[in-house]
Structure formats: C-alpha cells, structure tokens
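Listed below are the residues making up each chain.
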Amino acid sequence: MGLSLHGVSLQAQETGESEALRDMTGYDGVIEAERQTVIAAEVSGRVVAVSVHPGERIRKNQIMIRLDERAVDQNVAAKVAQEQAVRATLEVATREYERQNQLFAKGYISQAALDRAEARFKTTKAQTEAQLAESSALRAQAGYYVLRAPFDGIVAEVPVSLGDMAQPGRTLVSFYDPSHLRVTAQVPESMILSSSTTVPSRLELKGAGMKAQWIIPTYVTVLPTADPSSHTVQVRLGLPGDALHPLGRPGTFVRAWFPSGDSTREVLWIPLSAVVHRAEMTGVYVRDREGHPLLRQVRLGRVLEQQVEILSGVSPGEQVVPEAQRALTQGR
C-alpha cells in the first residue's frame, strides 16, 4: 500500500522529540576545548620522569615531566659560590669607600684618593649586580627542567617516553580544560541571513549503540567572517559543564539543530525502509497511475529515528512504497 507525502504529518505515532525537530535543520559540528595548551621543552635534556598519562586528570602546578637537570644544578651551585664571593668583595669595597670619605672630610687624604676609592666601589658594585643577574637567570632556567600544569585539566597526549631526548620546541604534553568545551559547526551563510534567530533548540550528542543526549547550549557566537569557497559561517556553541559524559570530549561528532531558514518549504518524510541503495544511486519506489512501483532517484536530508527527509526527487501527493523489499517482490 502506498504512502502519501503530506509534509510533516506522515505518522501520528512520532515522538515529541522528533516532532520538535521538524522545523529544524541539523549541521555537523565538532567538540573543541576553549582552553587547551601544548607544553613544549624550552631547554635540551633527557626525560627522566613522566608523571602523567593520556586521559588522566591533573591539577594546577602538578608535575608532569622532569628533564635531567644535573648539569644545570652544578652550574647553579658554581654561580652561588661566585655570588657569595662578589658579595664579600662588595662589602669590603663599601666599607673602604666609607672610610675614605671620613678621612677626606678631616683633610687627611686628597680628592684624587677619594675618587679612586669611589671608582673601586662602583666597579665592584656593578660586577656584583651582573653576577646576581646571571645567577637569577640560571635559577630561572633550572625551572625549565620541571614542567608543571598551568591549570586543572585532562591530559590529551604525552608524545614522549622515559629516556627520550627533549629539544627546545618539542611537544612534551598536551591537555585541555574539560569544564570549558564548545561545539564548532559550519553553517550555510544563507541560513544565517534568512533565519530570524541563530539560537539552536539543542545539540545532539550520540555515540554508536548509545541513546542520543540532547543539550541546550549556554551561548551561541556567529563569527563575523564567511568562508569564500564553501559560503559557510562558523558558529560556536557553548557546552554546559553538566553535559560532560564519556562522549563529551574534543573531537566528538555533534549535530547542531538550528531553526530552518525557509519556514514555507514543505518538508517531506518517508520511512528509512523505503530507501533503496544501488551502487552510487539512492532512490525510492513511487507508484504510477496504475499503482505499479517505479524506482526513482532521490536526494536525502535529515534522519530522525526511522524516518528520512526527502530533499528532491519526490513531490507532495505522490505515493511512495514504505517497504522497498515489498516492491521488489511484487515486481514492476
């Protein structure tokens, strides 16, 4: 028996979820982390400790990677000894300059003698400041051998192993903040311009063999530029923190549902069982005036539960065989 296409009223037993999406258009999107970072080596050194693993939660300032810092430790110790020596020299030069000042005030030494004492004091002070600056820089460099997490997050990748040689610029750890995720979708520019609102009703997050999770985005941001080749606009949609579950991770496929830009277009739906796939052709069986099923090529759109939208190839009022296998057994 044929099935008459009359827009959205094909089946009375449709669920409320599917019915709510009849005036919506879905676009593919991907979950991204708003805050993610890559920790790279700033110095050369062998990896002597790897304290984190992919998928592990880490806390701010937690140690992730240690590089061999024995050489720099020895340099720091040498600099500390030199620092102590120049401090002692400066202390002696300071006392000598003060004593020469007192003698000059009493007329016991000449101006030239005082000038020489002052020059020695200033030279020693400059040398001390330079030594302290070098020591400070070396201590800061020593901190590059211990890599800590700049914020709470989840480790995404650790591309190094114990014993690897780290070089400046080489990635050691990458991680992201799971509490600040968003969905990025490419939406046709025409839909953005024609739609009265850019706020989607929901985001559909679904994995293989799992029931779809419907999420209301916390915000919607439409970027002000369009891709000249695809004529699409990037739309970013915030994910609430309570939406996280095993599927909610960067790279996960998401479908963002937006209000359809053309509300006057009649939407045609048929059962998935009516669709026939033959090589590169997708079609359905449509009954002619005598009731014989004829195969016709169609272009499909959205899929909701067990129904699929027909974008082209079938007109309203035509009879589509709901079971393609039945049409095959009946013959043409």
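Being a predicted model, the structure only gives us computed values, none of them experimental. (Residues numbered from 1 in each chain as written. Predicted model: local features only at pLDDT ≥ 70, side-chain atom pairs only at ≥ 80, totals over all residues. Heavy atoms only, no water.)

## A closer look at the overall build of the protein chain
Looking only at helices and strands, one finds 5 helices and 23 strands in the protein chain. Out of the 332 residues belonging to the protein chain, those deemed buried represent 37%. Pairs at least 24 apart in sequence give 72% of the contacts found in the protein chain among residues at least 6 apart. Counting only carbon and sulfur atoms, one obtains 51% of the accessible surface of the protein chain, whose full area is about 18800 Å². (Helix = DSSP H or I, 4+ residues; strand = E, 2+ residues; numbered from the N terminus. Buried < 20%, exposed > 50% of the residue type's maximum accessible area, 1.4 Å probe, protein only. Contact = heavy atoms within 4.5 Å. Areas by Shrake-Rupley, 256 points an atom, 1.4 Å probe, with all protein chains shown as cover.)

## Quick notes on unusual backbone geometry
Backbone geometry at Asn61 places phi at a positive 70°, although glycine is not the residue there. By the secondary structure assignment, Asn61 is in the loop between β5 (57-58) and β6 (63-67).

## Description of the environment of Glu134
Among the secondary structure elements, Glu134 is positioned in helix α3 (residues 111-142). According to the relative accessible area criterion, Glu134 is partly exposed, its value standing at 41%. Sequence separation between Glu134 and Glu83 is 51 residues, and the spatial gap between their C-alpha atoms is 9.3 Å.

## Details of the sheet that holds strand β16 (residues 253-259)
Taken in spatial order, the 7 strands line up as β13-β12-β16-β2-β11-β15-β14 in an open sheet, and their pairing is antiparallel. Whereas interior strands pair on both sides, the edge strands pair on one side only; in this sheet they are β13 (213-215) and β14 (220-227). Each strand axis lies, on average, 30° off the axis of its neighbour in the sheet, ignoring direction. (Pairing = 2+ DSSP bridges. Axes fitted to C-alpha atoms, helices over the stretch in contact; angles between N-to-C directions.)

## Here's the deal with the packing of aromatic side chains
Between two aromatic rings, the relevant description is the distance of the centres plus the angle of the planes. Scanning the entire structure with this criterion turns up 2 aromatic pairs. On the basis of an interplanar angle of 10° and a centroid distance of 5.2 Å, the ring pair of Tyr97 and Phe121 is categorised as stacked. Here Tyr97 is found in helix α2 (residues 70-105), whereas its partner Phe121 is found in helix α3, with 24 residues between them in sequence. In this structure, Tyr97 and Phe121 share a single accessibility class: buried. A ring pair is formed by Phe151 and Phe175, whose centres lie 4.9 Å apart and whose planes are at 45°; its orientation type is tilted. (Phe/Tyr/Trp six-rings, centres within 6.5 Å; stacked < 30°, edge-to-face > 60°.)

## Some points on the sheet that holds strand β17 (residues 268-271)
The strand order across the open sheet built from 3 strands is β17-β22-β21, with neighbouring strands paired in antiparallel fashion. The open sheet has two free edges, formed respectively by β17 and β21 (299-304), since each of these has just one partner strand. Averaged over all pairs of adjacent strands, the angle between strand axes in this sheet comes to 35°, irrespective of strand direction. Pairing of β17 with strand β22 (residues 307-312), which is carried by 4 bridges, proceeds in the antiparallel orientation. Its bridge partner being in β22, Ile270 is matched across the sheet by Val308.

## Thoughts on the environment of Leu205
With respect to the helices and strands, the residue Leu205 is situated in strand β12 (residues 202-205). A C-alpha to C-alpha distance of 6.7 Å links Leu205 and Arg255, two positions 50 residues apart in sequence.

## Quick notes on the pattern of salt bridges
One pass over the full model with this rule turns up 9 salt bridges. Asp177 is paired through a salt bridge with Arg35; the nearest N and O atoms lie 2.7 Å apart. Placement of the pair is Asp177 in the loop between β10 (171-176) and β11 (181-188) and Arg35 in the loop between β2 (24-33) and β3 (36-40), with a sequence separation of 142 residues. With its nearest N and O atoms 3.7 Å apart, the salt bridge here joins Asp164 to Arg170. (Salt bridge = Lys/Arg side-chain N within 4 Å of Asp/Glu carboxyl O.)

## Digging into the pairing of β12
In the case of a regular strand, side chains alternate between the two sheet surfaces. Across the two faces of β12 the burial is the same, with Arg202 and Glu204 and Leu203 and Leu205 all buried. As judged from the 4 bridges shared by β12 and β16, these two strands associate in the antiparallel manner. Along β16, the bridge assignment pairs Leu203 with Ala256. Where β12 and β13 come together, 3 bridges link them in antiparallel fashion. Bridging across to β13, Leu205 finds its partner in Gln213.

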